[in-house]
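Topology and contacts: notes
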Amino acid sequence: MSPVSSFLWTYAVGVKVLLSQLLSRSFSLPAGNHENQGELSVSRIVKETGNEKVEFMYLELASMQSIQQFVQHFKAKNLLLHVLVNNAAVMLVPQRNTADGFEEHFGVNYLGHFMLTHLLLDTLKQSGSHDLNSRIVTVSSATHYIGELNLNDLQSRHNYSPHGAYAQSKLALVLFSYQLQQRLAAEGSHVTSNVVDPGVVNTDLYKHTSWLFKLCKWLTSWLLFKTSTQGASTVIYAAVSPDLEGAGGSYYVNGQKVKSADISYDEDLQRKLWAQSCNLVGNPERHQCAS
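Here goes a summary of the coordinates provided. No experiment lies behind these values; they were computed from the predicted model shown. (Residues numbered from 1 in each chain as written. Predicted model: local features only at pLDDT ≥ 70, side-chain atom pairs only at ≥ 80, totals over all residues. Heavy atoms only, no water.)

1. Quick notes on the sheet that holds strand 2 (residues 134–139)
Quick note on the threshold: What makes two strands pair is DSSP finding at least two bridges between them. The helix count covers DSSP runs of H or I at least four residues long, the strand count covers runs of E at least two residues long, and both are numbered beginning at the N terminus. Orientation is described by lines fitted to C-alpha atoms, with helices fitted over the stretch in contact, and by angles between N-to-C directions that extend from 0 to 180 degrees. Note on definitions: a residue-residue contact is assigned when non-hydrogen atoms from the two residues lie within 4.5 Å.
Here 5 strands make up an open sheet; going across it, the order is 1-2-3-4-5 and the pairing mixed. Looking along the sheet, the strands with just one partner apiece sit at the ends: strand 1 (83–86) and strand 5 (256–258). Strand-to-strand twist of the sheet, defined as the mean angle between neighbouring strand axes without regard to direction, takes the value 30 degrees. Bridging between strand 4 (residues 251–253) and strand 5 involves 3 bridges; their strand directions are antiparallel. Within strand 5, the position partnered with Tyr-251 by the bridge is Val-258. On top of the sheet, helix 4 (residues 104–127) reaches strand 1, strand 2 and strand 3 (191–197); it is set at about 170 degrees to strand 1, its chief contact. In the packing of helix 5 (residues 162–186) onto the sheet, contacts are made with strand 2, strand 3 and strand 4, and the angle to strand 3 comes to roughly 160 degrees.

2. As for helix 3 (residues 64–76)
Filter applied, for reference: For a helix, the expected span equals 1.5 Å multiplied by the residue count minus one.
Spanning 13 residues, helix 3 covers 18 Å between terminal C-alpha atoms, matching the ideal 18 Å at 1.5 Å per step. Those residues of helix 3 that are buried are in contact with helix 4 and helix 8 (267–281). Just downstream of helix 3, Asn-78 is the residue with a positive phi angle, here 55 degrees.

3. Description of a nonpolar patch on the surface
Under the convention used in this document: Patch membership requires over 30% relative accessible area and the absence of a salt bridge. Like charges are linked within 9 Å, and nonpolar side chains (Val, Leu, Ile, Met, Phe, Trp, Tyr) within 5 Å. Surface accessibility in these figures is a Shrake-Rupley result with a 1.4 Å probe; residues are shielded only by whichever protein chains are displayed. The working definition used for a salt bridge is a side-chain nitrogen of Lys or Arg within 4 Å of a carboxyl oxygen of Asp or Glu.
Taken together, the side chains of Tyr-145, Ile-146 and Val-258 define a hydrophobic patch exposed on the protein surface, amounting to about 290 Å² of accessible area. Within the secondary structure, Val-258 sits in strand 5.

4. Side note on the packing of aromatic side chains
Ring pairs (aromatic) are described by centroid distance and by the angle formed between their planes. Short version of the rule: Stacked, edge-to-face and tilted are the three classes for Phe, Tyr and Trp ring pairs, Trp counted by its six-membered ring, which pair at centre distances within 6.5 Å; planes under 30 degrees apart are stacked, over 60 edge-to-face, the rest tilted. Here's how the labels work: a residue is buried when its accessible area is under 20% of the maximum for its type, exposed when over 50%, partly exposed in between, all with a 1.4 Å probe on protein chains only.
In the structure shown here, the tally under the stated rule is 10 aromatic pairs. Taken together, a centroid distance of 6.4 Å and an interplanar angle of 15 degrees make the contact between Phe-70 and Phe-74 stacked. Taken together, the positions of Phe-70 and Phe-74, both in helix 3 and 4 residues apart, correspond to about one turn of that helix. The class for Phe-70 is buried, based on a relative accessible area of 14%. Take Phe-74: its relative accessible area is 11%, and that puts it in the buried class. Grouped by ring-pair contacts, the aromatic residues Phe-106, Tyr-110, Phe-114, Phe-176 and Trp-274 constitute a single cluster.

5. Let's talk about the pairing of strand 2
When a strand is regular, its side chains alternate between the sheet's two faces. Heads up, the condition is: Crossovers are described as right-handed under a simple rule: with the strands pointing away from the observer, the path leading from the first strand over the helix to the second runs clockwise.
In terms of burial, strand 2 is a largely internal element, 6 of the 6 residues being buried. Across the two faces of strand 2 the burial is the same, with Ser-134, Ile-136 and Thr-138 and Arg-135, Val-137 and Val-139 all buried. With 4 bridges joining them, strand 1 and strand 2 adopt parallel strand pairing. Looking at strand 2, one finds that Asn-86 is bridged to Thr-138. After leaving strand 1, the chain enters helix 4 and then returns to the sheet as strand 2, a path that is right-handed.

6. Some remarks on the side chain of Ser-66
Position of Ser-66 among the secondary structure elements: in helix 3. Other than its neighbours up to four places away in sequence, Ser-66 contacts Tyr-58, Leu-59 and Glu-60.

7. What about the packing of helix 4 against helix 5?
Definition in use: Any angle from 65 to 115 degrees is called roughly perpendicular, while one under 35 is roughly parallel, one over 145 is roughly antiparallel, and all others are oblique. Note on convention: the crossing is left-handed when the near helix lies turned anticlockwise from the far helix by less than a right angle, right-handed when the turn is clockwise. Any residue that is not Ala, Val, Leu, Ile, Met, Phe, Trp, Tyr, Cys, Pro, Asp, Glu, Lys or Arg is counted as polar, Gly included; the first ten are nonpolar and the last four charged.
At a minimum axis separation of 8 Å, helix 4 and helix 5 run at an interaxial angle of 15 degrees. It follows that helix 4 is roughly parallel to helix 5 by the angle criterion. Here helix 4 and helix 5 pass one another in a crossing that is right-handed. Residues His-105, Phe-106, Asn-109, Tyr-110, His-113, Phe-114, Thr-117, His-118, Leu-121 and Lys-125 of helix 4 touch helix 5, and the partners they reach there are Pro-162, Ala-165, Tyr-166, Gln-168, Ser-169, Lys-170, Ala-172, Leu-173, Phe-176, Leu-180 and Leu-184. Tallied by class, the residues present in the contact of helix 4 with helix 5 amount to 12 nonpolar, 7 polar and 2 charged.

8. Some details on unusual backbone geometry
Located in the positive-phi region is Asn-78, a residue other than glycine, with phi close to 55 degrees. Position of Asn-78 among the secondary structure elements: in the loop between helix 3 and strand 1. The exposed category is assigned to Asn-78, whose relative accessible area is 69%. The backbone phi angle of Asn-159 is positive, close to 50 degrees, even though this residue is not glycine. On the secondary structure map, Asn-159 appears in the loop between strand 2 and helix 5. Residue classification places Asn-159 among the exposed residues on the basis of a relative accessible area of 76%.

Listed below in structure tokens is the structure:
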């Protein structure tokens, strides 16, 4: 096995183990003790790949301060960054805010990833090359198809709906990913940005649904829901498949490129969301947030 093939195999197995574990639970507030679960993921990756160069770093996407601290700690290690997977999410939570005052779906699912991606862009660009681009893989959901982006009320302050807020955050991720790809391509960066829908996965993200839904899920999950490992497969495909080398700006489901919601291709809406997001998070890396 060549060094490149060995690296991709090790990475793919590692991502599969990590994403399988991440997809099997939700990210909730307050953060709780994620370090223990992170260390368990590291142990599984080391065991299944034999690669001991794996490390867990704490990150709470509901906190802009935590994101900044994470990036500082990561950059201090002087490591390359070839793949960034934006995967964290909360779903159908009651109306509440993050520590920074953002509506929780919008703050965790979208703004946290927006901020993290921007602060790591310089490292991603430095790590990518003509033959091996760095990759940004953003995990959205089929729910984005029914999402509506209200630029006048991104925080869902009026007429709050858990379903509407969740769908909006997932649509925002698609809009962001496409606009990011356009900007990266325009400047000739060796970085690509794609979106993935893992499908309906049997996770505890559904803990805020009704008791009737939970009962139906318990009865039918074996038939209608993917396992966390199955849900991670398309994410892994987007992260490491040679077929996607240099290709960005697409939406993938079950390993296939498909058409996302019509509104997600609205470039004017993409730019407006981008500008508002920069203002909300305080313009991370101002040159990247320029309109």
